[in-house]
Amino acid sequence: MNWFSKLSVQSKLVAGFGVVIALLVIVSATAYRGMSEIQASQQALYEDDFSVAYDLLTLRSNIGAERLDVLVMMESGPVEQQRRLNDLNERTRTGDAILERLVARLGDEPESMAKLNELKALRQQFEETRSTQVVPLIFQGKIAEARALFMGVQFQRQARMTAIATDLEQRKTAAAQHALQRAEQAANTYIASFLVLGVAAILAALILALFLNRTLTGYTTEARKMEAQLKEGSAYTRSLIEASLDPFVTISGEGKIMDVNRATEEATGRTRGQLIGSDFSNYFTEPEKAREGYQHVLAQGFVRDYPLRLRHVSGKVMDVLYNASVFRNQAGEVLGVFAAARDVTERRVLEARLLESSAYTRSLIEASLDPFLTVSPEGKIMDVNRATEEATGLPRDQIIGSDFSNYFTEPDKAREGYQQVLARGFVRDYSLRLRHGSGKVMDVLYNASVFRNEKGEVQGVFAAARDVTERRVLEARLLESSAYTRSLIEASLDPLVTISSEGKIMDVNKATEEATGLSRDQLIGSDFSNYFTEADKARQGYQQVLVQGFVRDYPLRLRHVSGKITDVLYNASVFRNRAGEVQGVFAGARDVTERRVLEARLLESSAYTRSLIEASLDPLVTISAEGKIMDVNKGTELATGQSREILIGSDFSNYFTEPDKARQGYQQALAAGFVRDYPLTLRHTSGRITDVLYNAAVFRNEKGEVQGVFAAARDITERKLLEMKVRERTERLEKVLQEAQEAVNVLTSSSSEILTAIAQLASGAAEAATAVSETTTTVEEVRQTAQQSNQKARDIAEAGQNAALVLQGGQRNVESSVTEMNRIRTQMGSIAETIVTLSEQSQAIGEITGTVNELAEQSNLLAVNAAIEAAKAGEQGKGFAVVAQEIKSLAEQSKHATTQVRGLLADIQKAIGNAVMATEQASKVVETGVTQSSQAGESIRAAVEATVNVAHASTQIAASSQQQMIGVDQVATAMESINQASTQNAQSTRQVESIAQNLHELSQKLKLLVEQFRS
Amino acid sequence: MTDSGQQKSIDWNAIHKQIAMARQTTEQGWAPTPADKKRILRARAQALAEPIAGPAVAEQSVAVVAFQLAGETYGIELAFVREVYPLKAFTPLPCTPGFVLGIVNVRGQILSVLDLRAFFELPQAGLSELNKVIILRQNDMELGVLADAVLGVQSIPRAEIQPGLPTLTGIREAYLVGVTAQRLVVLDGGRILSDKALVVHEQVET
């Protein structure tokens, strides 16, 4: 058994089952064999022993029955005897068959066979005796003899046969019993072996079952152990889940809660029992969002930081972020969602703080006076502060999201600016010009830097601008003034130079370059004194300047590189820094070579101009751009009563009654370049007032820059007096003219009225003339119409007479046709009568033919009778028979003819019928025709009468229209005279009208003249 | 107008001519032309000139009076025929069998008339004039037989008469002599005359 225990469980099981199956097979085989053997022995028993025994029994009874038959035969009558004999023969045959069967069955048993043979022999003898002796004896009536024979030998034979049969039967019965015993024994044997084998199989099965049980128990224990471990593990996970402070929940695919942890219970305020199976989304303020959340998880497999608001039963709301993922079974099918929430309420608090602090920052930013803004990398404004709103003049909403560069006069530069910031990270004092909504421009300096998110990615640009407009203005002025000074210096024709205290040239102007023939670079830094013929004298000169602070008209001789020498007079002065320390010498040379010549000329010409100006009676004045008087002439002195010195440098506007107007005047001149007849009132120091008209124009220097205004005033005081006189005179004239105008007006209106009246008269006359003319035309038309109607009436009369003639002809025709019609009617009547007669006659013919037919028939009969008679007459009647035959044929012919005649007659009668019908219709038509033609005749007669009447009437019309025409002609003549008269009338009226028109025009002209004169 | 047009289309002259011709023929119709006369006489002469096959073979032929009855042609031996007579008026006779039509007066002699159709049990189909009577006679027995038409006397060779058709059974078979090739049924006049069935003995129960 050692080796067995070493086998694997599977092998043990296979072996065990194998043994059991083998045992079962053996048991089945044994059972089958035993059964089949028992069956075989049973069959043998039946086939051999029982059937043999049965046959022997039958044989025996047969023998008995035969004997009975014979006995009956002996006693009964012939019929019964015969019947019995048949029965006997039948039984004999049956017996033979049984015997043969027995021979076949017992062929292998010699002992039985011997007995059977004996039986057979006996039987043969018996049968023979019976059939040969007994039965004939019986039939012969020798009953006694037969009985003797039968009861003697036959009876012995029979007894013997019965004995043998009984013996054989007993033998077979014994054999059968023996066989039965054998079969029983075999059955017992088989049952025993079956039992043994069965028990063995059951035992083996039991052992196997026990073994299996043990094995399975082993497995189950292991499984239990594993389960316990699993449980432990899951309990651990569970405790972890339970221990978690975050609410955990698992949700089924349908959104139902499958499991929750302690934290969930706390968060919702519901017990686990309540939660499980309920809808997940119910516990949130936004169930839809919650549902979307877990559907998202189902779709994508997970979700992160999904924000939801968990609602406690007490109504308290908790902000949570859900992280969830699906969980699957081993097959990978999604079982549900595992969701973990995190309470972010605290985080919210932190966020709020952050917001607060950012709000603080924001307020700081907002409080700033500088425009702050943040720009996205795309250049869009993300945020601005209050100051920006003010600077741009736009509300915050509009600014945010708009393009940063739009708010500057130079958008490209602005764009460059923030791109620079993005590239470098910052920019400093980037100057831009901010445009206000109103169009005002503000100079700003931008300081900007990028700002980043937590990850360090650039989020945008934070820019702060500073308004530099005021500073700019100042700067601009400075620059302007310095440029001005510089330009002054440069513009100077005199060589100017600054020299340091060491005598070195610090700066020169253009003129110096020209004067020396050296470039500025060569000059600067070189020794001042080098460029003069007398260097010592030059050195002395500027030292003198340094000592004295200035020098005037210090004569020096400047040497050009070409060797040309220029006489110059130097004026120089020191210049100092703010601290008052001497920085150097500023020296201006004047070329006195040319000047000397020119000065004289200039002086001359200017004196001339001056004298001209001075000579002018009108006050002339030049005014600077600032409104200061730069120069005046004598006239001005006289007009103002002030000396030239006082006037020059004083404010121009001061000398007028309306200083503002004066100021406007010269500003206008500055703006427009000139002003004409600007009326002002000049005030003399004595208080006298002079009305002046100013004509002013700007004057420019060589470069075209406006230097000031040259204004010439004209005293208009006298002119005003003159104007006064003229006005008085005019007023008087006006009055006269007014009166004249009134008169003219009256005249004009009267003439206008006259004109209107005459015009009306003229138009009336014209209208009358037109009306007369129209009437004349109408009369003419009437005349023509009358003529036409006269003609028409005449035509009608003629036509009527013609029609009457035609109609009379028609009437005659109709009358003749009526006559004809009547004749036709008469003829039709005679035709009808003829046809009727014809019909009657044809009927008579029919009757006649009937008679003829009858005659023919009779002739035929007569002929037959004649033939009969002839036949009877025999030989003598033969000739007569021929005649009779001939008569018969004639009769037949005439009969045939009558048939033909009858047929023809039928046709004739049919034709006559048709003719009668046609005639009847024709006579009806003729009747209608007669009636209609009579009516036509009547109508035509009436038409003739009507036409004659019409002709008469139209003749009368023609006559009356002739008279009418004559009347109309007279009217036409009268109208013609009227027309002439009215035309003349209209003409004269027109003449009057033209005269009135002339008169009216004349008055109009007069009126116009007066008006012109007045104005 | 159409009427007058049609009238115009009729050729009156032709009509007049036609009528005249008709009148002429009508007038002439009763006197045949000499040519016609000649032709008729010639035909008659030829007919008369033909030898009569009768006398020499008198024993070999039989003369019969042929007549039509219900669409069939019958013949009765001349020996039994007295004469033929048109049926003019007959008196139906009560208490007689169906085949007895009635009695007729032939020149003062009263004869009974048989309807052979009923007598021969022929189907009473087809139109029949039945206006001729053939009067049979043998010895003292005389009676009339109705016929549709009498065709005349014919001479039939005896050889031509074939025995009656096997289809004819009953009463007809008994009165039949035979049938010729021309489907003329020769009746046995003697037998008809001597038939017992003709002896009428019927009484009307009063």
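Basis of the calculations
- Residues numbered from 1 in each chain as written.
- Chains lettered and ligands numbered in written order.
- Predicted model: local features only at pLDDT ≥ 70, side-chain atom pairs only at ≥ 80, totals over all residues.
- Heavy atoms only, no water.
- Helix = DSSP H or I, 4+ residues; strand = E, 2+ residues; numbered from the N terminus.
- Buried < 20%, exposed > 50% of the residue type's maximum accessible area, 1.4 Å probe, protein only.
- Contact = heavy atoms within 4.5 Å.
- Areas by Shrake-Rupley, 256 points an atom, 1.4 Å probe, with all protein chains shown as cover.
- Polar contact = N/O pair within 3.5 Å; in protein donor to acceptor, adjacent residues only side chain to side chain.
- Expected span 1.5 Å × (residues − 1).
- Arc of directions from axis to C-beta.
- Buried area = accessible area lost by both parts, 1.4 Å probe.
- Salt bridge = Lys/Arg side-chain N within 4 Å of Asp/Glu carboxyl O.
- Nonpolar A, V, L, I, M, F, W, Y, C, P; charged D, E, K, R; others polar.
- Pairing = 2+ DSSP bridges.
- Axes fitted to C-alpha atoms, helices over the stretch in contact; angles between N-to-C directions.
- Bend = angle between axes of the 7 residues up to and from the residue.
- pLDDT = per-residue confidence, 0-100.
- Phe/Tyr/Trp six-rings, centres within 6.5 Å; stacked < 30°, edge-to-face > 60°.
- Lys NZ or Arg CZ within 6 Å of the ring centre and 35° of its normal.
- Parallel < 35°, antiparallel > 145°, perpendicular 65-115°, else oblique.
- Left-handed = near helix turned anticlockwise from the far one by under 90°.

### Quick word on the overall build of chain B
Then, in step 1: If you tally the helices and strands in chain B, you get six helices and eleven strands.
Then, in step 2: Per-residue burial over chain B gives 34% buried out of 206 residues.
Then, in step 3: Put simply, of all contacts in chain B between residues at least 6 apart along the chain, 57% involve residues at least 24 apart.
Then, in step 4: Approximately 13400 Å² of chain B is accessible, and the part contributed by carbon and sulfur atoms is 56%.

### Some words on the side chain of Glu66 of chain A
Then, in step 1: Position of Glu66 of chain A relative to the elements: it lies in helix α2 (residues 9-75).
Then, in step 2: When its relative accessible area of 0% is taken as the criterion, Glu66 of chain A is described as buried.

### A few points about the side chain of Glu142 of chain B
Residues and elements named next belong to chain B.
Then, in step 1: Mapped onto the secondary structure, Glu142 falls in strand β8 (residues 141-147).
Then, in step 2: We classify Glu142 as buried; its relative accessible area is 17%.
Then, in step 3: Only 2.9 Å separates the side chain of Glu142 from the side chain of Arg82, close enough to count as a polar contact.

### Here we look at unusual backbone geometry
Residue and element names in this part refer to chain A.
Then, in step 1: In this structure, Asp305 takes a positive phi of about 45° despite not being glycine.
Then, in step 2: Looking at the element boundaries, Asp305 is found in strand β3 (residues 302-311).
Then, in step 3: Taking the relative accessible area as the measure of exposure, Asp305 reaches 45% and is therefore partly exposed.
Then, in step 4: Even without glycine at this site, Asp677 takes up a positive phi of about 45°.
Then, in step 5: With respect to the helices and strands, the residue Asp677 is situated in strand β18 (residues 674-683).

### Quick word on helix α12 (residues 411-424) of chain A
Structurally, the α-helix is built with 3.6 residues per turn, so residues lying three or four positions apart point the same way.
All names here are of chain A.
Then, in step 1: For α12, built from 14 residues, the straight-helix expectation of 20 Å at 1.5 Å per residue is met to within 8% by its first-to-last C-alpha distance of 20 Å.
Then, in step 2: When α12 is considered as a whole, its buried residues turn out to be Ala414, Gly417, Tyr418 and Val421. The arc that holds the buried residues of α12, viewed along the axis, is 80°, so those residues lie on one side. When the buried face of α12 is taken as reference, the exposed residues oriented beyond 90 degrees from it are Asp412 and Ala423.
Then, in step 3: Positive backbone phi, approximately 100°, marks Gly425, located one or two places after α12.

### Focus: the interface of chain A and chain B
Then, in step 1: Taken residue by residue, the interface counts 16 residues in chain A and 19 residues in chain B.
Then, in step 2: Between chain A and chain B the total buried area reaches about 1400 Å² when both faces are included, carbon and sulfur atoms providing 64% of it.
Then, in step 3: With a closest N to O distance of 3.9 Å, Glu886 of chain A and Arg44 of chain B form a salt bridge.
Then, in step 4: For the interface between chain A and chain B, the tally reads five residue pairs in polar contact (both at pLDDT 80 or more).
Then, in step 5: Elements that contribute at least two residues to the side of chain A that touches chain B include exactly α21 (717-873) and α22 (878-1014) of chain A.
Then, in step 6: The element that contributes the greatest number of residues to the side of chain A that touches chain B is α21 of chain A, accounting for ten residues.
Then, in step 7: Partitioned by chemical class, the residues of the side of chain A that touches chain B number seven nonpolar, two polar and seven charged.

### Considerations on the sheet that holds strand β1 (residues 248-252) of chain A
Residue and element names in this part refer to chain A.
Then, in step 1: Pairing in this open sheet of five strands is antiparallel, and the strands run β2-β1-β5-β4-β3 from one edge to the other. Edge strands, defined here as strands with exactly one partner in the open sheet, are β2 (257-260) and β3. Each adjacent strand pair in this sheet contributes to an overall mean axis angle of 30°, direction not counted.
Then, in step 2: Where strand β4 (residues 317-328) and strand β5 (residues 334-343) come together, nine bridges link them in antiparallel fashion. By the bridge assignment for β5, Ser325 is matched with Phe338.
Then, in step 3: Docked against the sheet, helix α8 (residues 287-300) engages β1, β3, β4 and β5, running at close to 160° with respect to β3.

### A word on helix α4 (residues 110-140) of chain A
All names here are of chain A.
Then, in step 1: Taking 1.5 Å of rise per residue, the 31 residues of α4 would be expected to cover 45 Å, and the 43 Å separating its terminal C-alpha atoms lies within 8% of that figure.
Then, in step 2: The principal kink in α4, of about 40°, is found at Arg130.
Then, in step 3: Following α4 by one or two positions, Gly141 adopts a phi angle in the positive range, close to 90°.

### Section: the environment of Phe139 of chain A
All names here are of chain A.
Then, in step 1: Tracing the backbone through its elements, the reader meets Phe139 in helix α4.
Then, in step 2: For the pair Phe139 and Met74, spaced 65 residues apart in the sequence, the C-alpha separation amounts to 8.8 Å.
Then, in step 3: Excluding residues within four positions of it along the chain, Phe139 makes contact with Met73, Gln81, Gln82 and Leu85.

### A closer look at the pairing of strand β9 (residues 441-452) of chain A
All names here are of chain A.
Then, in step 1: The pairing of strand β8 (residues 426-435) with β9 spans eight bridges and is classified as antiparallel. By the bridge assignment for β9, Leu434 is matched with Met442.
Then, in step 2: Linkage of β8 to β9, two consecutive antiparallel strands, is achieved through a turn of five residues, within which Gly439 is found at a positive phi near 100°.
Then, in step 3: Relative to strand β10 (residues 458-467), β9 is paired through nine bridges, and the arrangement is antiparallel. Directly across from Ala448, in β10, lies its bridge partner Ala463.

### Section: the confidence of the model for chain B
Residues and elements named next belong to chain B.
Then, in step 1: Looking at chain B as a whole, its pLDDT mean stands at 77, while 78% of the residues score no less than 70.
Then, in step 2: Note on residues 1-7: pLDDT under 50 across the span, and one contact to partners over four residues away in sequence or across chains.
Then, in step 3: For this predicted complex, the interface confidence comes out at an ipTM of 0.74, alongside a pTM of 0.32.

### Topic: the pattern of salt bridges
All names here are of chain A.
Then, in step 1: Taken as a whole, this structure holds 43 salt bridges over all chains when the rule is applied.
Then, in step 2: With a shortest N-O distance of 3.8 Å, Arg941 and Glu815 are connected by a salt bridge. In this pair, Arg941 sits in helix α22 while Glu815 sits in helix α21, placing the two residues 126 residues apart along the sequence.
Then, in step 3: Judged by its relative accessible area of 31%, Arg941 falls in the partly exposed class.
Then, in step 4: Among the salt bridges present, the one from Arg941 reaches Glu938, with a minimum N-O distance of 2.4 Å. Taken together, the residues Arg941 and Glu938, both in helix α22 and three residues apart, mark about one turn of the helix.
Then, in step 5: For Glu938, a relative accessible area of 47% puts it in the partly exposed group.

### Considering the sheet that holds strand β4 (residues 90-91) of chain B
Then, in step 1: Taken in spatial order, the six strands make up an open sheet running β3-β7-β8-β6-β5-β4 (chain B), and their pairing is mixed. Only two strands of the sheet have a single neighbouring strand rather than two, namely β3 (81-86) and β4 of chain B.
Then, in step 2: Strand direction decides the pairing type here: strand β5 (residues 100-106) of chain B and strand β6 (residues 109-114) of chain B, joined by six bridges, are antiparallel. Note on β6 of chain B: the bridge partner recorded for Ile103 of chain B is Ser112 of chain B.
Then, in step 3: Of the strands in this sheet, β3 and β7 (132-138) of chain B are in contact with α21 of chain A, which crosses β3 of chain B at around 175°.

### Regarding the packing of aromatic side chains
Residues and elements named next belong to chain A.
Then, in step 1: Tallied over the entire structure, the rule returns 14 aromatic pairs over all chains.
Then, in step 2: Considering the side-chain rings of Phe528 and Tyr570, the 5.9 Å spacing of their centres and the 90° angle between planes classify their relative orientation as edge-to-face. One end of the pair, Phe528, is in the loop between α15 (520-523) and α16 (535-548); the other, Tyr570, is in strand β14 (residues 565-576), and 42 residues separate them in sequence. Across the pair, Tyr570 and Phe528 agree in class, each one buried.
Then, in step 3: One aromatic cluster in this structure is built from Phe280, Phe284 and Tyr322.
Then, in step 4: Of note, Arg424 hangs over the ring of Phe426, and the distance from its end group to the ring centre comes to 5.5 Å.
Then, in step 5: Between the NZ or CZ atom of Lys537 and the centre of the ring of Tyr554, over which it lies, the distance is 5.8 Å.

### Notes on the packing of helix α3 (residues 78-105) of chain A against α4 of chain A
Residue and element names in this part refer to chain A.
Then, in step 1: Following both chains from N to C, one finds α3 and α4 inclined at 165°, their axes separated by 11 Å at the closest point. With respect to each other, α3 and α4 are oriented roughly antiparallel. Seen from above, α3 lies across α4 with left-handed handedness. Within the contact between the two elements, α3 uses Gln81, Gln82, Leu85, Leu88, Arg91, Thr92, Gly95, Asp96, Leu99, Leu102 and Val103 and α4 uses Met113, Leu116, Leu119, Lys120, Arg123, Glu127, Arg130, Val135, Ile138 and Phe139.
Then, in step 2: Class assignment of the residues belonging to the contact of α3 with α4 gives a composition of eleven nonpolar, four polar and six charged.

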